[in-house]
Amino acid sequence: MDLIAEIAQAHDGSLGIAHSYIDALADTGITAIKFQTHIAEAESSHAEPFRVNFSYEDATRYDYWKRMQFTEEQWIGLKKHCDDVSIEFLSSPFSIAAVELLERLGVKRYKIGSGEITNLLMLDKIAQTNKPMLVSSGMSSYEELDKTVDFLKKANVDLSLFQCTTSYPCPAGEWGLHLIPELKKRYSLPVGFSDHSGDIYACLAATSLGAEMLEFHAVFDKTMFGPDAQASLTIEEIKKMVNGVKQIHHDLACAVDYKEDFSRFKEVKKIFEKTLAVNKDMSIGDVIKLEDLEAKKPAKQGINANAFEQVLGKTLTSNLKQWDFLKQEHVKGL
């Protein structure tokens, strides 16, 4: 199962911190680390507003993207670091120039942010690489998504979709988990879940609903500077979530039907199931009423608790002490 930890801008433009994230994520059990490749001149302008006005040092969002850039040599180093720790290097491009850079790096596939769904110019460029594309659906309507999926299918792209809600952090009630099976049905494509909730629960639930890939933001601390920190998972949270996802995924793959064959519970059932008993001293000839009965462990000591209706209204053939098990030979006509 694809487990993609997104560093995005959590490095805040620091190459050293970017490498530190790779080291920190290397033993969490993820399968890929995802960056975002921004080339300010190619993707943005000074007219672009901030999504979250968080920055103390960037006058415009364009300035922020400029500060988030790495040189091609630095990107080569980041990819090599991922290769060295046996984790796939992924990145989301936001311009044709970024696609060309990533091609020179030799990426295996592309992650497409939901804001690029309608950027058919860039998607066409990526389609020409014949590499798989993982497309987030966050801010797109069905009409837009239909058009993009049709465009990419015609280009014979190896395509997967992500259910995603463009909200940072995204509260419960807006995760859109119900759309995972809906997207599968509508497009007949693999569907994953891209999470911005800032906790582990959404990804665990998405796994149970059949998500085939998961993407989630990573951060060292949620109080860190940046637009995505509150919507991210810490390294320890990622470890816990990955462990849970793997267990859920393994369990869903096991086709054992314990309701058809519960022989494995035969011995433990004897311990936990119960036998009928009387809750007071009773004498020969007493008529057994509901208020006379209790059920006590273990099973197989007399009449099973599930057969209580069969003894009601019948008379005792033996004297019984309080809490004695009720056996077939104690009941007339049974």
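Residues numbered from 1 in each chain as written. Predicted model: local features only at pLDDT ≥ 70, side-chain atom pairs only at ≥ 80, totals over all residues. Heavy atoms only, no water.

A. Region of the structure containing the environment of Ala-202. Checked against the element boundaries, Ala-202 lands in helix H9 (residues 201-208). Look at Ala-202 and you get buried, because its relative accessible area is 0%. Linking Ala-202 and Gly-176, residues 26 residues apart in sequence, is a C-alpha distance of 9.6 Å. Apart from residues lying up to four places away in sequence, Ala-202 is in contact with Trp-175, Leu-177, Phe-193, Asp-195 and Ser-197. (Helix = DSSP H or I, 4+ residues; strand = E, 2+ residues; numbered from the N terminus. Buried < 20%, exposed > 50% of the residue type's maximum accessible area, 1.4 Å probe, protein only. Contact = heavy atoms within 4.5 Å.)

B. Spotlight on helix H3 (residues 61-68). If you check which residues of H3 are buried, you get Arg-61, Tyr-62, Tyr-64, Trp-65 and Met-68. End-on view of H3: buried residues confined to an arc of 155°, all on one side of the axis. Against helix H2 (40-43) lie the buried residues of H3. (Arc of directions from axis to C-beta.)

C. Broad picture of the side chain of Arg-109. Here Arg-109 is to be found in the loop between helix H5 (96-105) and strand S4 (110-112). Polar side-chain contacts of Arg-109 include one of 2.8 Å to the side chain of Glu-88. (Polar contact = N/O pair within 3.5 Å; in protein donor to acceptor, adjacent residues only side chain to side chain.)

D. Expanded view of the packing of aromatic side chains. The full count for this structure, using the stated rule, is six aromatic pairs. Measuring from centroid to centroid gives 5.3 Å for Tyr-64 and Trp-65, while their planes differ by 45°, and the two rings are tilted. Its relative accessible area of 1% is what places Tyr-64 among the buried residues. Residue class for Trp-65 comes out buried when judged on its relative accessible area of 5%. An aromatic cluster of three or more residues is present, and its members are Phe-35, Phe-70, Trp-75 and Phe-89. For the cation-ring pair, Lys-111 lies above Phe-162, with the distance from its terminal atom to the ring centre recorded as 5.3 Å. Positioned over the ring face of Tyr-142 is Arg-186, at 3.9 Å from the centre of the ring. (Phe/Tyr/Trp six-rings, centres within 6.5 Å; stacked < 30°, edge-to-face > 60°. Lys NZ or Arg CZ within 6 Å of the ring centre and 35° of its normal.)

E. Summary view of the UniProt feature "domain: AFP-like" (unreviewed entry) in the protein chain. Annotation from UniProt places "domain: AFP-like" (unreviewed entry) at residues 275-334. Secondary structure within residues 275-334 divides into 7% helix and 13% strand; the distance between the first and last C-alpha atoms comes to 16 Å. (UniProt positions renumbered as here; feature names shortened; annotations may be inferred.)

F. Inspection of the environment of Thr-166 at higher detail. Looking at the element boundaries, Thr-166 is found in the loop between strand S6 (159-164) and helix H8 (179-187). Through-space distance from the C-alpha of Thr-166 to that of Ser-136 is 9.7 Å; in sequence the pair is 30 residues apart. Ignoring any residue separated from it by four or fewer positions in sequence, one finds Thr-166 in contact with Ser-114, Gly-138, Met-139 and His-196. A distance of 3.4 Å separates a polar atom in the side chain of Thr-166 from a polar atom in the side chain of Ser-114. For Thr-166, the side chain forms a polar contact with the main-chain nitrogen of Met-139, separated by 3.4 Å.

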